[in-house]
Amino acid sequence: MENASAHVTVGSYGHMLYGYDVKLGGPAELVPAYSYEAHVGSVTAVAISGDTLVSGGADEFIKVYDLAKRVERGNLMGHEGTITALTFFGASHLLSGSEDGAVMVWDASSWDCKKVLRGHSAAVESVSIHPSGKLALSVGRDCTLQVWNLLKGRKAYVSKLKGAARQVVWVSTGESYAVVIGAEVLIYGTDSGDLVRTLRLPAPIQSVAFYDSGNRMVAGVNSDTLYFVCTSSGEVIHGTPKAHDVRVKNVAAFDGSGDRAATVFTSSSDGLIKVWNVSETDGEIACSCVSKVQNGGRLTCMAVRLTEPFDEAGDSEGEAGAAGVDVTFDNATPDAGTATKKKAIRSTQSKLSAKSAKASAGKARLSSEAIDPEQDGARKRSKKGKKNKAKKSVKMSE
C-alpha cells in the first residue's frame, strides 16, 4: 500500500493538459509530469486507461496520447461539435459524446469507429458503461436518458427525465446507476429501471463519485464544501467545508483498505487539485487533505489512474466487472438502429489506422459477446504490427 501511486490529468479552458504523479497513503507532493497545449479551444473531457490518455476539446477533436512515452499519437475525428464526454471500457473500447448529440464507439486498439449511436436531439452531457460491457447510458440536454445495447449496437430504452442531467454513472456493482439533475441524485435499479431513491444536496451538483460498492457517495457542488452521502438512507453524513476556495468541479473516488475507506481526488476551476484520505468509524467520516497543487489554470475536467492495489470504486468506467450479469429493462422500446455514416480517423502527425472507419449496420457493431477486459492483453498480443503507431510523435513537455 505504501508503494501505491496515482497519475492525475486535468484539462483547462486555456487549451492545456496538465499531468501530475503522486504517492498515496500519506502526505505527498503532486509532482508535475507534463504540461501540453492539447487543443485549439478549451479542453472539455479527459479519460485514462492504462498508458493511454485521451482528451476532447471545443475544436471537435479527440486526441490520443501514450503516457509511457509522453507523446501525442494523433486525432480521432467524426464528431461535429464540442467533445463533452469520454469514457473507456478497460483497454478495449472508448465511448465519446458530443454536442452533436451522438455517442461514438471506438476500438481502442485499431482506433476504428465501430458504431455511431444516435438518439439525443441535443448535446450529450455524460456517458457511462455497465461493468459487464453490455450496456451504456447517456444523458443529454434534451432531458432524456438513453440506454444503449452495446452487443447489438442500438438503442434499448429511452426515458424522459424531469430536467437536463449533468452526469450519469453506474456504481461498481452494476446493480444501480445514478443520474445527476440540479441538486438531486436519482438512483435507479438496473434490472427494473425504477427510481429507487432520490438524494438531495444543499446546492447544485457539479460531480459525484461512489465508493464502498456504491454505499457511499462523494459530491462536489456549487459551493466550497465536499459532501459525503449514505446512499441507503439518503442522508448527508459529512460535509468538509472550505474544501476548495470555489466550487468543487470534479470528483473521483477509489476504495481504500485498512483504516482508509477511500481516496478522493478533487479539482476546482481556480486551478487547485487535492487528494484526500477518507476514513469512517461508527458512521463518522473524517476527511483530510494529504496532497494539493495549484497550477493557476481554469480547470474544466479531470481523470485519475491508480496503480494496484487500489480498485476503482466510483464511476467504474470499464475496469474489471461482473461480466456475467444479465441486464434487462422493463418496457424496452428498441430502436431500428442508426444510419450509416463514414467517419475518418486522421492525425496531425500521422494516421492512427490505415483504414477509414465506417459505421455501418453490417460491419460496425460490437461483438455479439460482451466486452471482456481480461481478453484485451491476448487480443493485442495476437495483432501483428502496430497499425496505430505514429510515424512522427509530438513530445509532451515535462
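The following paragraphs examine the structure supplied in this document. (Residues numbered from 1 in each chain as written. Predicted model: local features only at pLDDT ≥ 70, side-chain atom pairs only at ≥ 80, totals over all residues. Heavy atoms only, no water.)

1. Notes on the side chain of Ser176
Consideration 1: Structurally, the position occupied by Ser176 is in strand S17 (residues 176–181).
Consideration 2: Beyond its immediate chain neighbours, meaning those up to four positions away, Ser176 contacts Trp170, Val171, Ile187, Tyr188, Gly189 and Thr190. (Helix = DSSP H or I, 4+ residues; strand = E, 2+ residues; numbered from the N terminus. Contact = heavy atoms within 4.5 Å.)

2. Re the pairing of strand S1 (residues 5–12)
Consideration 1: By the criterion of burial, S1 is predominantly enclosed, with seven of the eight residues buried.
Consideration 2: Across seven bridges, S1 lies against strand S2 (residues 16–23) in antiparallel orientation. Counted as the bridge partner of Gly11 is Leu17 from S2.
Consideration 3: Here S1 hands over to S2 after three residues, with His15 in that stretch at a positive phi of 75°. (Buried < 20%, exposed > 50% of the residue type's maximum accessible area, 1.4 Å probe, protein only. Pairing = 2+ DSSP bridges.)

3. Side note on the sheet that holds strand S9 (residues 93–98)
Consideration 1: If you walk across this open sheet you meet the four strands as S8-S9-S10-S11, and the pairing is antiparallel. The open sheet has two edge strands with one neighbour each: strand S8 (83–89) and strand S11 (113–118). Strand after strand, the sheet turns through a mean of 15° between neighbouring axes, direction not considered.
Consideration 2: In terms of strand pairing, S9 meets strand S10 (residues 102–107) through five bridges, oriented antiparallel. What sits directly across from His93, in S10, is Asp107. (Axes fitted to C-alpha atoms, helices over the stretch in contact; angles between N-to-C directions.)

4. Side note on the sheet that holds strand S18 (residues 184–189)
Consideration 1: Pairing is antiparallel across the open sheet formed by four strands, whose spatial order is S16-S17-S18-S19. The sheet is open, and its two edges are formed by strand S16 (167–170) and strand S19 (195–200), each paired on a single side. In this sheet, neighbouring strand axes are inclined to one another by 20° on average, regardless of whether the strands run parallel or antiparallel.
Consideration 2: When S18 meets S19, the two strands line up antiparallel, connected through five bridges. Across the sheet, residue Val185 finds its bridge partner in S19, namely Leu199.

5. A few points about the packing of aromatic side chains
Consideration 1: The tally for this structure, following the rule as stated, stands at four aromatic pairs.
Consideration 2: Geometrically, the ring pair formed by Phe254 and Phe265 is edge-to-face, given 5.8 Å between the ring centres and 85° between the ring planes. Of this pair, Phe254 sits in strand S24 (residues 248–255) while Phe265 is found in strand S25 (residues 262–268), placing the two residues 11 residues apart along the sequence.
Consideration 3: On the basis of relative accessible area, Phe254 is assigned to the buried category, the value being 5%.
Consideration 4: Taken together, the ring pairs in this structure connect Trp170, Tyr177 and Tyr188 into an aromatic cluster. (Phe/Tyr/Trp six-rings, centres within 6.5 Å; stacked < 30°, edge-to-face > 60°.)

6. A few points about the pattern of salt bridges
Consideration 1: As enumerated under the stated definition, the model contains 10 salt bridges in all.
Consideration 2: Asp21 serves as the salt-bridge partner of Arg70, at 3.7 Å between the closest nitrogen and oxygen. Here the residue Arg70 occupies a position in the loop between strand S6 (62–66) and strand S7 (71–76), and Asp21 occupies one in strand S2, the gap between them amounting to 49 residues.
Consideration 3: With relative accessibility at 18%, the residue Arg70 sits in the buried group.
Consideration 4: Judged by relative accessible area, Asp21 falls into the partly exposed class, the value being 29%.
Consideration 5: We note a salt bridge from Arg141 to Glu125, for which the minimum N-O separation is 2.5 Å. Taken together, the residues span a long stretch of sequence, with Arg141 in the loop between strand S13 (135–140) and strand S14 (144–149) and Glu125 in strand S12 (residues 124–129) at a distance of 16 residues.
Consideration 6: In the salt-bridge network here, residues are joined through shared partners; they are Glu99, Glu125 and Arg141. (Salt bridge = Lys/Arg side-chain N within 4 Å of Asp/Glu carboxyl O.)

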